[in-house]
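Topology and contacts: notes
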Amino acid sequence: MALVHARTRRRAFAGALAGHVIEWYDYGVYGFLAVYIAGNFFVSENPSAALLNSLAVFALSFLVRPLGGLVFGPLADRIGRKAVLVSIVGLMSASTFAVGLLPTYERVGIVAPALLVVVRCIQGLSAGGEMGTATSFMAEYAGAGRRGWGTSLVVMGSVIGLLFGSLFANGLAVLVGASAMSEWGWRLPFLLTGPLGVIALIIRAKIEETPEFLELQRDGNLAVSPLREINSNLRPIVIVFAIVTLMNSYFYLVLTFTSTYFTQYLEFGTGARFGLVTAATVVAAIMMPLGGRYTDSHDRRKFLMAAGVLSILSMLWFFWVSPTSTPGQLILPLLAMAATFGLYASSTFALVTEILPVRTRSTGIAIGYNLPVAIFGGSAPLVAAWLIERTGDPSSPMYYFVALGCVSLIGLMVIRDRDYMEAAPRGKAVLLDASGDATP
């Protein structure tokens, strides 16, 4: 039975989440600045073609994420969660800071987009290891009976990081204007990651290793080859792949593509776009810990199936009415989509951690999560933009997102009780209060 002092647990949560928020600010700010990056790195007489190139680079970094997962996931299972979390946030912050220093196409020609691709790929490597390691860290500190709440904070941290990026990028655009933003303002959100990265490194360096990993280490039961162990039983990975597909695709639909969608295809003003995206992000973030707390005492699988169906229906409502809606008319469908997505995302990782054993948990999440991210998550804005350009219909992306939602519903339907057996808790974590006494 792992003994965890309440103060140690709070410090671990705060340290992991602070770094996670900064990590996702770093990674997500590109999506909010895609329109400005298109004009500076991709030369084309057709603005839509330049935007598609910019979104393609956004998607490319996601294709690298499985490689990052293959590197950092097994490393976290062999040497520990803390060491990997520290190295990842340093890599992400340095590469994001570098984007703000890159020369534009006007100055160095084709070298500019080539450098942008390289830096985005480095970001993808870092992000590929972050989610699996951070989720394992939070789940293992939360302990049995609290995993829904604990892992919901990881996803909420991602959303808060993106919200920070949205507030700074879109707020800066309102403050300095489109012309200045295109000329030099787009660099500032990236350059901010320099000092933020230093803060994240200091915070994460002070956290302690998880009790479950330390227990495996003391028992000499660490996985020598996590990838080989996973390869012998792929069923959990396939299930993880399926159930996170909706979360991954809707995450980038709600929190990044809508910013471009409102500007490029619905021609909303900067202020309207800023308000709508911010409201959606806040609503999604609020729903996550609420849903996670609820599923700690209720059936997670049934909850996720209901939330998944509602997510699909609200997404259909949003795309169906958007072509003829004003910003005011679009608030309700957008917030409905954000709320139902938040509920689905709230407990996805809790379910994932319960079907993966501690020995290979980081590796399993890294693979099962990053593959659908690479295929369906990062490409979601690109596919949505391509469908609109190809059909001329701003509602056309809804068919793609319905299909992805159905993949997750099928994954949830095939889960059986035996899928939880290998990851059955070895002992409920015990928290110690300030006096050192055990608390439930």
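Below is a short write-up of the structure.

Rules and cut-offs
- Residues numbered from 1 in each chain as written.
- Predicted model: local features only at pLDDT ≥ 70, side-chain atom pairs only at ≥ 80, totals over all residues.
- Heavy atoms only, no water.
- Helix = DSSP H or I, 4+ residues; strand = E, 2+ residues; numbered from the N terminus.
- Rg over C-alpha atoms; globule rule 2.2 N^0.38 Å.
- Buried < 20%, exposed > 50% of the residue type's maximum accessible area, 1.4 Å probe, protein only.
- Contact = heavy atoms within 4.5 Å.
- Areas by Shrake-Rupley, 256 points an atom, 1.4 Å probe, with all protein chains shown as cover.
- Lys, Arg positive; Asp, Glu negative; His and termini not counted.
- Charge placed at Lys NZ, Arg CZ, Asp CG, Glu CD.
- Phe/Tyr/Trp six-rings, centres within 6.5 Å; stacked < 30°, edge-to-face > 60°.
- Axes fitted to C-alpha atoms, helices over the stretch in contact; angles between N-to-C directions.
- Parallel < 35°, antiparallel > 145°, perpendicular 65-115°, else oblique.
- Left-handed = near helix turned anticlockwise from the far one by under 90°.
- Nonpolar A, V, L, I, M, F, W, Y, C, P; charged D, E, K, R; others polar.
- Salt bridge = Lys/Arg side-chain N within 4 Å of Asp/Glu carboxyl O.
- Expected span 1.5 Å × (residues − 1).
- Bend = angle between axes of the 7 residues up to and from the residue.
- Patch = residues over 30% accessible without salt bridge, like charges linked within 9 Å, V, L, I, M, F, W, Y side chains within 5 Å.
- Arc of directions from axis to C-beta.

1. Some details on the overall build of the chain
Looking only at helices and strands, the chain features 19 helices and 3 strands. In summary, the chain has a C-alpha radius of gyration of 21 Å against a globular reference of 22 Å for 440 residues, a match within 12%. Overall, the C-alpha framework of the chain stretches about 65 × 45 × 40 Å when taken along its three principal axes. Split into buried and exposed, the 440 residues of the chain put 60% on the buried side. Long-range contacts, defined here as pairs at least 24 residues apart, represent 85% of the contacts in the chain between residues at least 6 apart. For the chain, the computed accessible surface area is about 16200 Å², with 67% contributed by carbon and sulfur atoms. Charge centroids of the chain, computed over 30 positive and 25 negative side chains, lie 4 Å from each other.

2. Description of the packing of aromatic side chains
This structure, assessed with the given rule, holds 21 aromatic pairs. Ring geometry for Tyr25 against Phe164: centres 4.8 Å apart, planes inclined by 35°, an arrangement best described as tilted. Of this pair, Tyr25 sits in helix 1 (residues 6–32) while Phe164 sits in helix 7 (residues 147–176); the two residues are 139 residues apart in sequence, bridging distant segments of the chain. The rings of Tyr250, Phe257, Tyr261, Phe262, Tyr265, Phe268, Phe318, Phe319, Tyr400 and Phe401 are connected pair by pair, giving a single aromatic cluster.

3. Topic: the packing of helix 13 (residues 235–264) against helix 14 (residues 270–295)
Their axes nearest at 10 Å, the elements helix 13 and helix 14 cross at an angle of 160°. Considered as vectors, helix 13 and helix 14 are oriented roughly antiparallel to each other. Taken as a pair, helix 13 and helix 14 cross one another with a handedness that is right-handed. In this structure, helix 13 contributes Val254, Leu255, Thr258, Ser259, Phe262 and Thr263 to the contact, and helix 14 contributes Arg273, Leu276, Val277, Ala280 and Thr281. Residue composition of the contact of helix 13 with helix 14, grouped by class: 6 nonpolar, 4 polar and 1 charged.

4. Observations regarding the environment of Ile243
Note that Ile243 resides in helix 13. Considered as a pair, Ile243 and Tyr420 are 177 residues apart in the sequence and their alpha carbons are 15 Å apart. When neighbours within four sequence positions are excluded, Ile243 is seen to be in contact with Tyr344, Thr348, Leu351, Val352, Ser408, Gly411, Leu412 and Ile415.

5. Concerning the pattern of salt bridges
Considering all chains together, one arrives at 10 salt bridges under this definition. Residues Glu208 and Arg11 are paired through a salt bridge, measuring 3.3 Å at the closest nitrogen-oxygen approach. Taken together, the residues Glu208 in the loop between helix 10 (193–205) and helix 11 (211–218) and Arg11 in helix 1 connect sequence positions 197 residues apart. Of the charged contacts, one joins Asp77 and Arg81 as a salt bridge, the two residues approaching to 2.7 Å between their closest N and O atoms. Residue Asp77 shares its accessibility class with Arg81, and that shared class is buried.

6. Some points on the packing of helix 16 (residues 327–354) against helix 17 (residues 361–377)
Between helix 16 and helix 17, the least distance of the axes is 10 Å, while the angle of their chain directions is 130°. Considering their axes alone, helix 16 and helix 17 lie oblique with respect to each other. Judged by the twist between their axes, the crossing of helix 16 over helix 17 is right-handed. Packed against helix 16, whose contacting residues are Phe349, Val352 and Thr353, the element helix 17 presents Arg361, Ile365 and Tyr369 at the interface.

7. Considering unusual backbone geometry
In this model, Glu267 sits at a positive phi of 60°, which is unusual for a non-glycine residue. Along the chain, Glu267 falls in the loop between helix 13 and helix 14. Given a relative accessible area of 68%, Glu267 falls into the exposed group.

8. Observations regarding helix 16
Look at helix 16: 41 Å from first C-alpha to last across 28 residues, which is about the 40 Å you get at 1.5 Å a residue. By the largest-angle criterion, Pro333 marks the main kink of helix 16, which is about 25°. Here helix 16 lies mainly inside the structure; 20 of its 28 residues are buried.

9. Comments concerning a nonpolar patch on the surface
Together, Val43, Tyr105, Val108, Ile110, Val111 and Leu115 give the surface a local cluster of nonpolar side chains, amounting to about 520 Å² of exposed area. Contributions of two or more residues to the nonpolar patch are made by helix 5 (105–108) and helix 6 (111–142). Structurally, the position occupied by Val108 is in helix 5. Take Val108: its relative accessible area is 35%, and that puts it in the partly exposed class.

10. Some points on the environment of Phe137
Structurally, Phe137 can be placed in helix 6. In this structure Phe137 touches Ala12, Ala16, Arg81, Leu85, Ile207, Glu208 and Thr210, once residues within four positions along its chain are discounted.

11. Brief notes about the environment of Gly364
You can see Gly364 is positioned in helix 17. For Gly364, a relative accessible area of 0% puts it in the buried group. Separated by 289 residues in sequence, Gly364 and Leu75 place their C-alpha atoms 12 Å apart. Every residue in contact with Gly364, bar those within four places of it in the chain, is listed here: Ile230, Ile237, Leu356 and Tyr369.

12. With respect to helix 10
Here helix 10 spans 18 Å end to end across 13 residues, near enough to the 18 Å set by a 1.5 Å rise per residue. Taken residue by residue, helix 10 has Thr193, Leu196, Gly197, Ala200 and Arg204 as its buried positions. The buried side chains of helix 10 occupy one side of the element, clustering within an arc of 100° when seen end-on.

Geometry only, nothing functional implied.
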